[in-house]
Amino acid sequence: MFEASTLEERRRYYREEWNVKELPDFIKKDLNKREFGFDHLGNGPNDRYRIFKTQDMIRRFMRYRSPFAAYCSIAFYNKPWQRGDWLKSELVFDVDAKDLPIRSCNCEGVCNICLNEARQIVLLILDTLRGDLGLKDIHMIYSGRGYHIRVLDEEVMTFDSEVRSQVLKYVSGAEAPKNKYVLENEVDQKPYELEHFLIPFGYPAVFTSRVKHSIMHITGKEKIENINTKLLKDIIKYRNLVEKGEWGLFKNKIGPIRYKNFVESMSQLNMGIVDAKVSIDLKRILRLPTSLHSKVSMKCMEVKNIENFDPLKEAVPKFVMERKDY
Ligand SMILES: [Zn+2]
C-alpha cells in the first residue's frame with residue numbers, strides 16, 4: 001500500500017477504471033470556467049492554464065496522457081486560459097494527514113491511523129461550517145493523503161484572502177478565546193472570568209472541541225512550544241477528565257498558570273490543523289477528484305458519507321489490489 005504507481009499502472013487506471021462521468025457535479029457545472037493543471041512526470045504541476053470546454057475533451061486528454069497528477073482551479077474565471085477576469089473561488093480547507101500537528105501514529109508518511117485522525121478533524125470542521133456558519137454547499141474530497149473540504153455557497157465564494165484567513169482561524173481554533181467578560185451596565189466592575197469550556201456555543205465551543213481532539217491524541221513525544229515534558233505527562237495523566245467533560249477538574253490538576261500557557265500553546269498548534277496557504281490562495285489548483293494520486297497510488301475522490309468513509313476500502317484502485325504484495 002501507499003507505493004508510487006508506474007506509468008503502465010497509470011495507463012491502465014485511466015483506460016479501464018476512470019470514467020469522466022464520475023467527476024463531481026460541482027466540477028462538471030461551469031467546467032469551462034476553471035483552469036486545469038497537470039503533472040506529467042512527477043515534478044509538480046507545471047503544465048498549467050489548460051481549459052476543457054466539454055467533458056469529452058477531458059476524457060480524451062486523460063486517456064492519452066495518463067498524467068502523474070491532475071488538478072483544477074478552485075477559481076472560476078471568464079478567461080481561465082490566462083487566469084484572467086476572476087469571478088469567484090471556492091472556500092477550501094486542506095487537512096493533510098501527514099502534516100497534522102498531533103498524530104498518535106508517528107509514522108513517516110501516512111497510515112490508516114493518521115488518515116482516520118484527519119477524517120475526525122474534518123468532521124469537527126464540517127460541524128462548525130454547518131452549525132456555526134450556516135453553510136450548506138459543502139463537498140468532502142479524499143485527496144489521497146488527507147481531505148479537502150470545498151465550500152461552494154455563493155456568499156463565501158467572493159470572500160477575499162483576509163476574510164478567508166479569519167474564517168480559517170475560527171474553524172481551526174487558532175486563537176485563544178478571551179476569558180474575561182464585562183457586562184454593559186457594569187463597566188466599572190471587575191470582569192467576569194469565564195473559561196472557554198464553560199461556554200457551550202460559538203467560538204469558545206469550537207476551540208474546546210479542537211483542543212479536546214489534541215489532548216486525546218497526544219503521545220507524549222511531541223515537541224510543542226511552551227509545553228515541557230512534565231506538562232505533557234500531566235496532560236496525558238489527567239486527560240480522562242477531559243474525555244468525561246470535566247474540564248474544571250482538569251484545569252485544577254494542571255494548575256491555573258500552566259493552564260493559561262497551555263491554552264495559548266494549543267491555539268498556536270491548532271493553526272497547523274489546516275494548511276493556511278491553501279485556504280487564503282484564491283487561485284489555487286487542487287487535485288482533481290477521480291484522478292490518481294500516483295505517489296501513494298490512491299484515488300482522489302468525493303466522499304458522500306464521511307462518517308463511515310474508509311479510504312483503504314473505497315479509494316484503492318484495481319491495479320493496487322492486483323499487485324502481488326496486496
Ligand atoms: Zn500515520
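That block above? That's the structure.
Residues numbered from 1 in each chain as written. Predicted model: local features only at pLDDT ≥ 70, side-chain atom pairs only at ≥ 80, totals over all residues. Heavy atoms only, no water.

A few points about the overall build of the chain
Point 1. Across its full length, the chain carries 13 helices and 14 strands.
Point 2. A compact globule built from 326 residues should have a C-alpha radius of gyration of about 20 Å, and the chain, at 22 Å, falls within 12% of that.
Point 3. Across the 326 residues that make up the chain, the buried fraction comes to 50%.
Point 4. The contacts of the chain with a sequence gap of at least 6 include a subset with a gap of at least 24, amounting to 67%.
Point 5. Carbon and sulfur atoms form 49% of the exposed surface of the chain, whose accessible area is close to 16300 Å². (Helix = DSSP H or I, 4+ residues; strand = E, 2+ residues; numbered from the N terminus. Rg over C-alpha atoms; globule rule 2.2 N^0.38 Å. Buried < 20%, exposed > 50% of the residue type's maximum accessible area, 1.4 Å probe, protein only. Contact = heavy atoms within 4.5 Å. Areas by Shrake-Rupley, 256 points an atom, 1.4 Å probe, with all protein chains shown as cover.)

Regarding the sheet that holds strand β7 (residues 138-142)
Adjacent strands of a sheet form backbone hydrogen bonds with each other and so pair up, either parallel or antiparallel.
Point 1. Ordered by their spatial adjacency, four strands build an open sheet running β6-β8-β7-β14, and the pairing between neighbours is antiparallel. Strands with a single pairing partner mark the edges of an open sheet, and in this sheet they are β6 (91-96) and β14 (301-303). The sheet shows a mean angle of 25° between the axes of neighbouring strands, direction not considered.
Point 2. Bridging between β7 and β14 involves three bridges; their strand directions are antiparallel. Bridge assignment links isoleucine 141 to a residue of β14, and that residue is glutamate 302. (Pairing = 2+ DSSP bridges. Axes fitted to C-alpha atoms, helices over the stretch in contact; angles between N-to-C directions.)

Notes on helix α6 (residues 161-172)
Point 1. Taking 1.5 Å per residue as the helical rise, α6 with its twelve residues ought to reach 16 Å, and the 16 Å between its terminal C-alpha atoms agrees with that figure.
Point 2. The set of residues buried in α6 consists of Arg164, Ser165, Val167, Leu168, Val171 and Ser172. The buried residues of α6 occupy one face: seen down the axis, they fall within an arc of 160°.
Point 3. Where α6 begins, the capping side chain belongs to aspartate 160, and its oxygen is found 3.2 Å from the backbone nitrogen of glutamate 162.
Point 4. Positioned one or two residues after α6, glycine 173 has a phi angle of 75°, which is positive. (Expected span 1.5 Å × (residues − 1). Arc of directions from axis to C-beta. Polar contact = N/O pair within 3.5 Å; in protein donor to acceptor, adjacent residues only side chain to side chain.)

Remarks on the side chain of aspartate 39
Point 1. Positionally, aspartate 39 belongs in strand β1 (residues 36-39).
Point 2. There is no salt bridge for the buried aspartate 39, and the closest opposite charge comes from lysine 295, which lies 6.3 Å off by N-O distance.
Point 3. Among the polar contacts made by the side chain of aspartate 39, one reaches the main-chain amide nitrogen of glycine 42 at a distance of 2.7 Å.
Point 4. There is a polar contact of 3.1 Å between the side chain of aspartate 39 and the backbone nitrogen of asparagine 43. (Lys, Arg positive; Asp, Glu negative; His and termini not counted. Salt bridge = Lys/Arg side-chain N within 4 Å of Asp/Glu carboxyl O.)

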